[in-house]
Amino acid sequence: MGKILNVDLSKRSINIESTDEKIAKKYIGGKGYALYLLYQVLKEKKDIDAFGEENVLIFATGPGTGVVGFPSPGRYHVMALKSPLTGSIGSGNSGGSWGPSLKFAGFDAIIIKGISKEPVYIEIVDGKAELKDASQLWGKNTFDTCRILKKGKNASVACIGPAGENKVLLSGIINDEHRAVGRTGLGAVMGSKKLKAIVVSGNNKVEVAKPEEYKKVSKNCLEKLRKNPVTGEGLPAYGTASLVNVINSVGALPFKNWQTGYNKEADKISGETMSKEYLIKKKACWGCVIACGRVTKVVKGPYQVPYSEGPEYESIWALGNDTGVMDFGAVIKANHICDELGMDPISLGSTIACAMELNEKGYIKEEELQGIDLKFGNAAALVELVEKTAYKDGFGKYLALGSKKLAEKFGAPDLSMTVKGLEMPAYDPRAIKGIGLNYATANRGGCHVTGYTIAPEVVGIPEKIDPLTPDGKAQWVKIFQDLTCVVNSTVNCLFTTFAIGAGDYAELLSAVTGWDTSEEEIMKIGERIYNLERVIINKLGFDDKDDVLPKRLLEEKMPDGAGKGHVVELEKMKKEYYELRGWENGKPTQEKLKELEIEL
C-alpha cells in the first residue's frame, strides 16, 4: 500500500511515512521489515524495558496479505523489541481478517512507541488515523470490545482483554474475537502502553504488479493446495486437531508436563472426536481455501459453551493432554476463556501443567492454592485457574508469570518446559529429533512454527525422514527456519508450505511486486531475516548458552511409546547446525553478515 503509520502514544502524535522499497527488496515485509525497523531502534538504545516507553510494537502485513487469490492471505505479524515473558524478541502471528483490513485501510504496517497516560484505541479508516479515548472499554473482555468497535466496510478489531491490561506475561492480542497473536506476551506490551485496541477498515484495493502473470501463478498454487493430502483433505476435514492421534501414535504427544509422550486416552480430545461431538462448522480465515478453523459448542455438562472457535491442536494439547484433562468440554471452555480474556493457551496450559507437577511433588504449600485441588486431570481446577490467571487472582498471580518464573519461585526450575523462557508446544523431541534442534535454536524461544520439521519427520512432506535419528536434521531445520521467515514476511499462512515451496513463493512475489525474484534469492532473503533476528537477540543477551532444551528431554529417557528409550542428542545436532549457519557461539560471524548484506 506504500504507507506506514507511526504512532507515539506518549506524545499523542500520528504521522505517515512511505514504505521503503529498498528495505522491502531485502526483507520483503511483515516480520522481515519489522525486524529491520526494530534493529534501527536497538542501535540507539542499550537498555530496553519490555514495559517501558522505548519498547516498540509493530503490526505488519506483507505483499501477500489481502491479495485476492494469493494462497491463504489472511494473516499479519506483530513484533516487539523485547518480550516481557522471555526477555528475547517478541513475535507473534494471527489469521482472521485483521491483516487484510489493515491494507484495505491503506497501510502496510503500524509502528507504536511510548505510553499513553489514559487508555486509548487507534482507529484507522481509509488512510486516516486517530487516537480515541478507551476509558469506557478498559476492563471489557475481547468479545465485547470487538463487537463495540467493529463498524464500517471491511472492519476488523485487534484488542487486548483483562489479561493484557493486567500485564499478565502470557497475554495475547485477539482479533475478530477468536484469532490470536498468542505467543511471547505481546498483549502485556499493549497493556503497558494503555493501548486497548486497533480498529481498521477501508475500501482500498490491493493491486498486483503483473495481473496476467499473477493469475497463472495463483491458479497453479491454489490447485496444489486443493490436491495436497494435508491442505486439501486433512486440514479441511478435521482442522489442526487431526494431529492429536497422529502425534500420539509416534510417541511425541507430551503428557502430564512432558513426563512421557504417549497417552492411551488421547482420542478423547482428538480432531475426530471434536467432529463427532462438538463441531458446528468449519471456518476459513480471509481468502483461504484450506478452511482449517473450527466452530464448536459444548451443549452438555458443567462446561457449556453455545458458540466458540477452536481449539487448535496446540491449545488442545496444552490445556488437555499436558494437564491430563481428558474432558473435551472443559478443554473447549478453557480455550474459550483464553480468547475472551486474551491469553496464550499454549503458555497458559503448559504453566498450569508445570504447577500440577510442582504440587504433586510437594513444592507448593497448601495455603498458596486457596482450596484448589491442583492435580493432573482435574478439569474444574483447569477452568478456574484460566480465569484466575487473567486477573492475577489468588494462585493465578503465580501462573501469570509463566512456567519458568513459576518453577524458579517454587524451587524446581527444571520442571519448566521452556526454551529461552517460552513454553514449548505439542511435540516431544525425544521422539522427533529435528523439532528439538529447532526448539533450541528458535530465536523467540520454544516455538514449533519457527522451523516445522514435523512436516518431513512425521507427515512425510516434502519427503519422509526418520524422526528418531539426529543425523541430517541440522540441514532440515535451517531450510525450514529460512523458508518460514519468507512466509512470515510475505505474511500468509505457514500451512501453504505443505503444498508449495520456495520456487512457488518466488513466482508469487515476482508477480505481485514486479520484482524478478528467484528461488535462490528467496531462500537467501529468509536466511538474512533469520540472521538479523539472531543479531537482535544476541544484543539482548542471548547466545549459545540459551540454545538449550530442558534437562528432562536431554537426560530422562522416554518411558514409552515409539520413542521409548530415547533422549535428544542436542549437542551433536547443534554443532552441525552452527557450522551450516556460519555461527560461532550462537552468533553470526562477520563473514556471514557480510555475505547476507546485513549492515550493523
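For the structure itself, consult the block above.
Keep in mind that what you see is a predicted model, and the values were worked out from it rather than measured.

Chemist: Could you give me a rundown of the overall build of the protein chain, with the residues and numbers involved?
Modeler: In terms of helices and strands, the protein chain carries 25 helices and 19 strands. Considered along the principal axes of its C-alpha atoms, the protein chain spans approximately 60 × 55 × 50 Å. Across the 600 residues in the protein chain, those meeting the buried criterion constitute 64%. About 21200 Å² of surface is accessible on the protein chain, with carbon and sulfur atoms providing 48% of the total. A distance of 3 Å separates the average location of the 79 positive side-chain charges in the protein chain from that of its 78 negative side-chain charges.

Chemist: Please set out the sheet that holds strand S13 (residues 279–283) residue by residue, giving values where relevant.
Modeler: Pairing in this open sheet of three strands is antiparallel, and the strands run S13-S14-S15 from one edge to the other. Each edge of the sheet is formed by a strand with only one pairing partner; in this case those strands are S13 and strand S15 (305–309). Averaged over all pairs of adjacent strands, the angle between strand axes in this sheet comes to 15°, irrespective of strand direction. Two strands pair when backbone bridges link them, and strand S14 (residues 293–298) and S15 are joined in this way by three bridges, in the antiparallel orientation.

Chemist: Report on helix H20 (residues 473–490), specifying residues and quantitative values.
Modeler: Relative to the 26 Å expected for 18 residues at 1.5 Å per residue, H20 spans 26 Å between its end C-alpha atoms, a close match to the ideal helical length. Just beyond H20, the residue with positive phi is Val 491, at close to 60°.

Chemist: Provide a residue-level description of the nonpolar core, including the pertinent values.
Modeler: Core analysis: the largest hydrophobic core is formed by 158 residues, its most contacted members being Ile 247, Phe 395, Leu 406 and Tyr 427. Excluding anything up to four places from it in sequence, Tyr 427 contacts Leu 243, Ile 247, Ala 252, Pro 254, Trp 258, Tyr 313, Glu 314, Ile 435, Tyr 439, His 448, Tyr 452 and Ile 454. With 28 residues, the next largest nonpolar core counts Tyr 76, Val 78, Val 189 and Ile 198 among its residues.

Chemist: Describe the pattern of salt bridges, with residues and values.
Modeler: Under the definition given, this model contains 36 salt bridges. Here Lys 224 and Asp 504 are joined by a salt bridge, their closest N and O atoms 2.9 Å apart. Of this pair, Lys 224 sits in helix H7 (residues 211–227) while Asp 504 sits in helix H21 (residues 502–513); the two residues are 280 residues apart in sequence, bridging distant segments of the chain. Taking relative accessible area as the criterion, Asp 504 reaches 10% and is therefore assigned buried. Between Asp 373 and Lys 375 there is a salt bridge, and its shortest N-O distance comes to 3.6 Å.

Chemist: Quick one: what's the story with the packing of aromatic side chains, residue by residue and with numbers?
Modeler: Throughout the structure, instances matching the rule amount to 19 aromatic pairs. Considering the side-chain rings of Tyr 313 and Tyr 427, the 5.5 Å spacing of their centres and the 55° angle between planes classify their relative orientation as tilted. You can see Tyr 313 sitting in helix H11 (residues 313–321) and its partner Tyr 427 sitting in the loop between strand S17 (422–423) and helix H18 (433–441), a full 114 residues away along the chain. Each member of the pair, Tyr 313 as well as Tyr 427, is classed as buried. Among the aromatic residues, ring-to-ring pairing joins Tyr 313, Tyr 427, Tyr 452, Phe 495 and Phe 498 into one connected group. Lying over the aromatic face of Phe 107, Lys 3 brings its terminal NZ or CZ to 5.0 Å of the ring centre. Lying across the ring of Phe 51, Lys 167 places its NZ or CZ 5.3 Å from the centre.

Chemist: Explain the side chain of Lys 82 to me, and be specific about the residues and the numbers.
Modeler: Among the structural elements, Lys 82 can be located in the loop between strand S4 (76–80) and strand S5 (90–94). Apart from the residues lying within four places of it in its own chain, the contact partners of Lys 82 are Ile 48, Ala 50, Asn 55, Gly 87, Ser 88, Gly 90, Val 189 and Leu 540.

Chemist: Explain the pairing of strand S9 (residues 156–159) to me, using residue names and the numbers behind them.
Modeler: Of the two faces of S9, the one lined by Ser 156 and Ala 158 and the one lined by Val 157 and Cys 159 are each fully buried. One ladder, built from four bridges, connects S9 with strand S12 (residues 195–201); its direction is antiparallel. What sits directly across from Val 157, in S12, is Val 199.

Chemist: Break down the pairing of S4 for me, citing the residues and quoting the values.
Modeler: Most of S4 sits out of view: five of its five residues are buried. For strand S3 (residues 57–60) and S4, the ladder comprises four bridges, and the chain directions are antiparallel. Bridge pairing in S4 links Ala 60 to His 77. Here S4 pairs with S5 via five bridges, running antiparallel. Note that in S5 the partner of Met 79 across the bridge is Ser 91.

Chemist: Would you mind going over unusual backbone geometry in detail, with residue names and values included?
Modeler: The general pattern is negative phi for most residues beyond glycine and trans for most peptide bonds. Geometrically, the link from Gly 310 to Pro 311 is a cis peptide bond, its omega value of 5° lying close to zero. Assignment of secondary structure puts Pro 311 in the loop between S15 and H11. In the segment running from Ile 461 into Pro 462, the intervening peptide bond is cis, with an omega of 5°. Residue position: Pro 462 is located in the loop between helix H19 (454–459) and H20. Within the chain, Thr 184 stands out as a residue other than glycine whose phi angle is a positive 70°. Counting through the fold element by element, Thr 184 comes out in the loop between strand S11 (179–181) and helix H6 (186–192). Although it is not a glycine, Lys 194 sits at a positive phi angle of roughly 60°. Given a relative accessible area of 30%, Lys 194 falls into the partly exposed group.

About the criteria used
Residues numbered from 1 in each chain as written. Predicted model: local features only at pLDDT ≥ 70, side-chain atom pairs only at ≥ 80, totals over all residues. Heavy atoms only, no water. Helix = DSSP H or I, 4+ residues; strand = E, 2+ residues; numbered from the N terminus. Buried < 20%, exposed > 50% of the residue type's maximum accessible area, 1.4 Å probe, protein only. Areas by Shrake-Rupley, 256 points an atom, 1.4 Å probe, with all protein chains shown as cover. Lys, Arg positive; Asp, Glu negative; His and termini not counted. Charge placed at Lys NZ, Arg CZ, Asp CG, Glu CD. Pairing = 2+ DSSP bridges. Axes fitted to C-alpha atoms, helices over the stretch in contact; angles between N-to-C directions. Expected span 1.5 Å × (residues − 1). Core = buried A, V, L, I, M, F, W, Y, C linked by side-chain atoms within 4.5 Å. Contact = heavy atoms within 4.5 Å. Salt bridge = Lys/Arg side-chain N within 4 Å of Asp/Glu carboxyl O. Phe/Tyr/Trp six-rings, centres within 6.5 Å; stacked < 30°, edge-to-face > 60°. Lys NZ or Arg CZ within 6 Å of the ring centre and 35° of its normal.

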